Amino acid sequence: MRTRSNSGVRLDYYQRVVHKLILDHQQPVTGLFPASPHNDHAWIRDNLYCILAVWGLSMAFKKIADQDEDRAKTYELEQSCVKLMRGLLMAMMQQKDKVEKFKSTQHPHDSLHAKYSSITGRIVVKDNEWGHLQIDAISLYLLILAQMTASGLQIVFSLDEVAFIQNLVFYIESAYCTPDYGIWERGDKTNHGLPELNASSIGMAKAALEAMNELDLFGARGGPSSVIHVLADEAQKCQAVLQSMLPRESNSKELDSGLLSIISYPAFAVDDPQLITKTRDTIVSKLQGKYGCKRFLRDGHRTPREDPSRLYYEPWELRMFENIECEWPLFFCYLILDYCFQGDKVNLTEYMQKLEKIMIRKDDGIKLVPELYSVPGDKAHLEQIEPGSQERIPLGRCPFIWAQSLYILGKLLQEGFLAVGELDPLNRRLCSEKKPDVVVQIVILAEDNEIRDKLLEYDLHVQTISEVAPIEVQPARVLSHLYTYLGRNKKLGLSGRKSRDVGILSTSKLYSLNERIFAFTPQFSDMQRFFIASDYELMVDMLKAEIAFLKSSWQNLLGRPLVVLTLNDMNLDQGKIPMAMITTMKKLKSGYINGTRVTLGNLGDFLSTSAITNLSFLGSQEEGYPDKLNPQVQSYLEEHLLRSFSSRLSVLARPPAVRHARALRRRMSVRGAIKKTRSINVDSDTLGMEGEYVGSHLLERKPSWLEVEPGRSPSPEDAKKRAFTKGTSTTSLGITTPTIEISKESTPPPPKEEGTVKNVLLRNRTISESQNIYAEQETDELIAMLRETESLDEQGDILQYLVDTHGLEFNTGMQENGKHVTVKDLLKVLYEKACSQKLWGLVRHTAGMLGKRVEDLAKAVTDLLVRQKQITVGMPPNNEHTIIAPLPENELRQLIHVAYGDDESTAMLTQELLVYLAMFIRTEPQLFLEMLRLRVGLIIQVMATELSRTLSCDGEEASEHLLNLSPFEMKNLLHHILSGKEFAINSVGRGNFSIVSNKSNRYTKKSQILLEGQGLQGTIDEAPITEPDRQGQWLRRRRLDGALNRVPRDFYQRVWAVLEKCQGLVIQGKVLQPNLTQEMTSGELKFALAVETVLNSIPQPEYRQLVVEALMVLTLVVEYKAVNHLGGTITVEHLVHKANQIFLEDQTRCSGDATLCCAKEGAGAGAGGAGAAGALVCGGAAGVCQLLYDSAPSGRFGTMTYLARAVAALLAERLPAHEPVECAIT
């Protein structure tokens, strides 16, 4: 026997250790590891971590193989890894039906099991008896499979197994929006079995998706059919959600040591070095102890105060576990590996010493890592008073193989037997390194020669679609259809990809298919899908946003991104190419746009620099003809390439016939049918409040059909049944049927029909008479009118009336190409015309009636929800519906339409705004800081109020203007409101407005509201109504912040501290109980949502904001420890009213502005001018003077001053009189 080198001897030692502690327990039949000698269940996650040490050791032996037996050892260790990975694969493949089902349901009971029998590989508990849905475990499997395959191991043997793995990729694709039970198998930390969105699962899924992308599972011996495809956008969505969550783990866990596995080895899922450091530092400072790290705050597992007889905790119990949570040495192992990968020797040595100090030596001298250290029962009280002071005892399994395996890897790295690159052959550890800038390639194609020539006039040279042959250009929906064939397998009963979404990252590549090359236009430019795409200004804006997105998200992908855009007739504005497009194209030509490098060119030039993906999975693999296209794909592609534009209906394009007086008179009865459906409320006194419903005495005055204008009354029979409201508030709220409102003036009719109309107005028609008019209204005459009229608005009103009386499927009796034409067909034609003429109010309304939905609605809502924002739709306060979990597209649409009753336009607007909010949260997440709920109904009302303020018009006009804004201006207005910027409005003719930020040089840097109505190009009103510069500014700020639910930084943590010191806070009759602090930690999202829910019961946004300010003053009292306890429950509104009273007393003393309204003689100070129920003279909400709302927070007459005085008054009542108050001057 030759002598062994020193390193050989040392490795032999590790081999004995690995054999004794790990391989001895591997089941010979299945290759799985049981949890312990007494429990034969094999957990996927634990098994994977166990085998890592074996894999690491096999690579160490491979390098020093100086004797044959070393090569044999290498092979033996490698095959143990293969055996385990295949054992898990077999166990999962037995549940292939679940994988198929889960792709569509994402239901916890349809998930793959988290553990199997180590003896048979079959299931050991039923679907509903365990929290099986653990996306991180399946993701970890895929990640380690990818790493091992890349290191040269052959784990997957057949194409059927490849198809199964491809479906596992689909299984984890939706991780970013699928709540699961997470790494500790418990979901919400009360352990009631409620799954939540966990950052550690999302991070692991992101790592797995990136590792699997374009990986050949047969290694070097494979071909195109054994390659796994991942849509890059799915990993990107996980990335975005992860960025927004860290260092939070989930709603109930504000931090979790499990995150160490995703910021470092094995996942390396975070790209941002600062975020990695922040997460690591937070874990070390809040969770690390002498014996390891706690899993999360208030973790009751194995603590002396846990009741072992039941699985779950009562919410109030959680407080008992504070400071005595068990500490897990496992996390020292993660930190050791983290410092190995960073090459930080100092910290590596320090943590290795900490770990070896707490390891337990057995008889044979091998050091073992125990599972956890717990505080002994009799010392729990002492530990709670002084954390870290007591000796702890080891509990649970020893050795804990998961930790032991990571410890062995750490030792192999520390002693130089392994290099970090060998444990990470896919180089995931480099994803947070700085990369060179991305250059975005852009190709613009004209649909035909005519458009190409128009562009030539501006010196822009583009090709037409036909000139780029043989490259074929298709819309994104074709790519989405092709991807449904990926992963199909008849033998296994697997159906391929379910999601229809393809994002910008997927369309920015080229695709090859049997010698053909395809380019795809991005999803946002697809006209067929939704009207937003026909607003070219918005398209240009979205293009800029997508280019910026590509710059940040293309970092880890191959080649350069390629964006292909087509220009067609729909993009033209009255036959001309819009200037917005020309200027953008010139910018693109210059090579830079908004800080991103771009290059504009022809498709052919970019073939060599773009990523090209092979769509080989479209072959007839299972029929044995891998080179032939699947027949279904073949026919789909042929049909798609030949599809011409379907013939348009020509019904509405008849020459105008002679008009009859009768027809004119009839037209009046359907007039305004659309306008009657609006429900946006703008009156300041009722902003967020429903109008007061007035009793039956109003019915005495019979409405003529001309007068019932803004309400909605399709037929008088209904009108009798409906309640009447007054004022311009037509909010269809408190009652199920929409309300009608009698307006003060009727619309002036066109001059021609003066005679008829005078008649009508003299003698107010009774309801029964107007019935006759409707009865006379023959449907065919209406249809004749429909053909005659040129005005689209009029056509809209007639169609609205037809839909109300006959429904969408009503046959109009017209024929086109031998087919009957229904009202719905006519609406479609009207919708397309309105789109091309850019009549946005009509477009939104017809889109609503046709039941169109914003294409990415579900995705937009999910984007907002997964970034921990809740959404409410409907008008406050009675009709708000909250969305707290992702919903399918059709349910969402249903919910939104129910929330707005009959008001199609506002329902459409809500869908539109949700898409814009989602765009902003993707590109400018900082706009949403300190906002937890987005109340879309309230935002719409504030948008209308802002328009009515800047245009000096009444509420009804403002809501008309709002619904007629183009999508681009709508997005702009929303952006100004979110960012709180001042803005002005310019008229751009045709009733359209453009919104201009006040930062332009014309209005130097004053932060004041522009004088009403003054635009940049000529004023809307020749004589602008001048207004004192700063008046209304603070009121507006408070109204905006209240409507957006904005709160100061750390507000919820501070309210938590106030609750600790009193017996509850009362707001609008709802109580925040102090026991919330027992259930939840101060940084927990669940606590913040509880406080928010109570605040949201306040209907008026500006009043809500004052309540928030009052709470802030209370938090200062607690922070400066002015008093030890605040006494009983505190009614926060009393503080606001008390402050208002002190304000009015001050105003009376120095005869301020309020003496004109609330502080008048005899108004009864504090009673609010007209008693609490009546409205105030100045229109202040909730009985508080408007001038107090409009005071700055600071200063002698500031709101904070008055609120502080009110709090002082409250404390004076509650403190015992004989105790001197400490007065510390800060």
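Note that the coordinates shown come from a computational prediction; the quantities given were computed from them, not determined experimentally.

## Notes on unusual backbone geometry
Stage number 1. Between tyrosine 265 and the following residue, proline 266, the backbone shows a cis peptide bond with an omega angle of 0°.
Stage number 2. Secondary-structure assignment places proline 266 in the loop between helix 9 (260-263) and helix 10 (273-287).
Stage number 3. Alanine 469 connects to proline 470 through a cis peptide bond whose omega is 5°.
Stage number 4. By the element assignment, proline 470 lies in the loop between strand 10 (463-464) and strand 11 (471-475).
Stage number 5. A positive phi angle, near 60°, is found at glutamate 930, a position not held by glycine.
Stage number 6. The class for glutamate 930 is partly exposed, based on a relative accessible area of 28%.
Stage number 7. Notably, alanine 1182 is not glycine yet its phi reads approximately 55°, a positive angle.
Stage number 8. Tracing the backbone through its elements, the reader meets alanine 1182 in the loop between helix 41 (1132-1149) and helix 42 (1186-1189).
Stage number 9. What makes alanine 1182 partly exposed here is its relative accessible area of 28%.

## Here we look at helix 2 (residues 44-64)
Stage number 1. The end-to-end C-alpha distance of helix 2 is 32 Å, a good match for the 30 Å that 21 residues give at a rise of 1.5 Å each.
Stage number 2. Of all 21 residues making up helix 2, 18 are buried, and the element is well covered by its neighbours.

## A word on the sheet that holds strand 26 (residues 870-873)
Stage number 1. Overall, mixed pairing links the 3 strands, which are arranged 27-26-28 in an open sheet. The open sheet has two edge strands, strand 27 (881-883) and strand 28 (933-935), and neither has a second partner. Direction aside, neighbouring strands of the sheet carry axes that sit 25° apart on average.
Stage number 2. Bridge count for strand 26 against strand 28 is 3 bridges, and the pairing is parallel. Across the sheet, the residue bridging to isoleucine 871 is leucine 934, located in strand 28.
Stage number 3. The strands touched by helix 33 (residues 936-951) are strand 26 and strand 28; relative to strand 28, the strand with the most contacts, the crossing angle is about 50°.

## Digging into the state of the cysteines
Stage number 1. A complete count under the given rule lists 0 disulfides for this structure.
Stage number 2. The structure places no disulfide on cysteine 238, whose sulfur is separated from the nearest cysteine sulfur, that of cysteine 177, by 8.6 Å.
Stage number 3. What makes cysteine 238 buried here is its relative accessible area of 0%.

## Notes on the packing of helix 37 (residues 1051-1060) against helix 39 (residues 1085-1095)
Stage number 1. Axis separation between helix 37 and helix 39 bottoms out at 10 Å; the angle between their running directions is 85°. Comparing their axes, helix 39 and helix 37 come out roughly perpendicular. In contact with Phe1051, Tyr1052, Val1055, Trp1056 and Leu1059 of helix 37, helix 39 contributes Phe1087, Ala1088, Val1091, Glu1092 and Leu1095.
Stage number 2. Split into classes, the residues belonging to the contact of helix 37 with helix 39 amount to 9 nonpolar, no polar and 1 charged.

## Digging into the nonpolar core
Stage number 1. Residues Tyr141, Ile165, Met212, Leu330 and Leu406 are the most contacted members of the largest nonpolar core, which totals 143 residues.
Stage number 2. By residue number, the principal contributor to this core is helix 2, which donates 13 residues.
Stage number 3. Beyond its immediate stretch of four places on either side in the chain, methionine 212 contacts Leu142, Leu145, Ala146, Ile165, Val169, Leu217, Ile228 and Val230.
Stage number 4. Val438, Met542, Ile680 and Leu1044 belong to the second largest nonpolar core, which has 90 residues in total.

## Here we look at the packing of aromatic side chains
Stage number 1. Taken as a whole and judged by the stated rule, the model has 24 aromatic pairs.
Stage number 2. Every member of this aromatic cluster is reached through a ring pair, and the members are Tyr49, Trp184, Trp328, Phe331, Tyr334, Phe400 and Trp402.
Stage number 3. The cationic tip of lysine 115 hangs over the ring face of tryptophan 130; the distance from NZ or CZ to the ring centre is 3.5 Å.
Stage number 4. The side chain of lysine 628 reaches across the aromatic face of tyrosine 625, ending 4.9 Å from its centre.

## Quick word on the packing of helix 5 (residues 135-150) against helix 7 (residues 199-212)
Stage number 1. The N-to-C vectors of helix 5 and helix 7 enclose an angle of 30°; their axes lie 8 Å apart at closest approach. Here helix 5 lies roughly parallel to helix 7, going by the angle between them. Where helix 5 crosses over helix 7, the handedness of that crossing is left-handed. Residue-level contacts link Ile135, Asp136, Ser139, Leu140, Leu142, Leu143, Leu145 and Ala146 of helix 5 to Ser200, Ser201, Met204, Ala205, Ala207, Ala208, Ala211 and Met212 of helix 7.
Stage number 2. Residue composition of the contact of helix 5 with helix 7, grouped by class: 12 nonpolar, 3 polar and 1 charged.

## Remarks on the pattern of salt bridges
A side chain with one charge can pair with a side chain of the opposite charge if their charged atoms come near.
Stage number 1. Scanning the model with the defined rule gives 60 salt bridges in all.
Stage number 2. Between lysine 498 and glutamate 100 there is a salt bridge whose closest N-O contact spans 3.5 Å. Remark: glutamate 100 occurs in helix 4 (residues 96-105) and lysine 498 occurs in the loop between strand 13 (494-495) and helix 18 (504-507); sequence separation between them is 398 residues.
Stage number 3. Taking relative accessible area as the criterion, glutamate 100 reaches 15% and is therefore assigned buried.
Stage number 4. Residue glutamate 371 pairs with arginine 397 through a salt bridge whose shortest N-O separation is 3.3 Å. Here glutamate 371 is found in the loop between strand 6 (367-368) and strand 7 (372-374), whereas its partner arginine 397 is found in the loop between strand 8 (393-395) and helix 14 (401-414), with 26 residues between them in sequence.
Stage number 5. For glutamate 371, a relative accessible area of 9% translates into the label buried.
Stage number 6. Judged by its relative accessible area of 29%, arginine 397 falls in the partly exposed class.
Stage number 7. One network of salt bridges, in which partners are shared, links Glu173, Glu234, Lys237 and Arg497.

Parameters and conventions
Residues numbered from 1 in each chain as written. Predicted model: local features only at pLDDT ≥ 70, side-chain atom pairs only at ≥ 80, totals over all residues. Heavy atoms only, no water. Helix = DSSP H or I, 4+ residues; strand = E, 2+ residues; numbered from the N terminus. Buried < 20%, exposed > 50% of the residue type's maximum accessible area, 1.4 Å probe, protein only. Expected span 1.5 Å × (residues − 1). Pairing = 2+ DSSP bridges. Axes fitted to C-alpha atoms, helices over the stretch in contact; angles between N-to-C directions. Contact = heavy atoms within 4.5 Å. Disulfide = S-S within 2.5 Å. Parallel < 35°, antiparallel > 145°, perpendicular 65-115°, else oblique. Nonpolar A, V, L, I, M, F, W, Y, C, P; charged D, E, K, R; others polar. Core = buried A, V, L, I, M, F, W, Y, C linked by side-chain atoms within 4.5 Å. Phe/Tyr/Trp six-rings, centres within 6.5 Å; stacked < 30°, edge-to-face > 60°. Lys NZ or Arg CZ within 6 Å of the ring centre and 35° of its normal. Left-handed = near helix turned anticlockwise from the far one by under 90°. Salt bridge = Lys/Arg side-chain N within 4 Å of Asp/Glu carboxyl O.

Coordinates in, geometry out; function isn't part of it.
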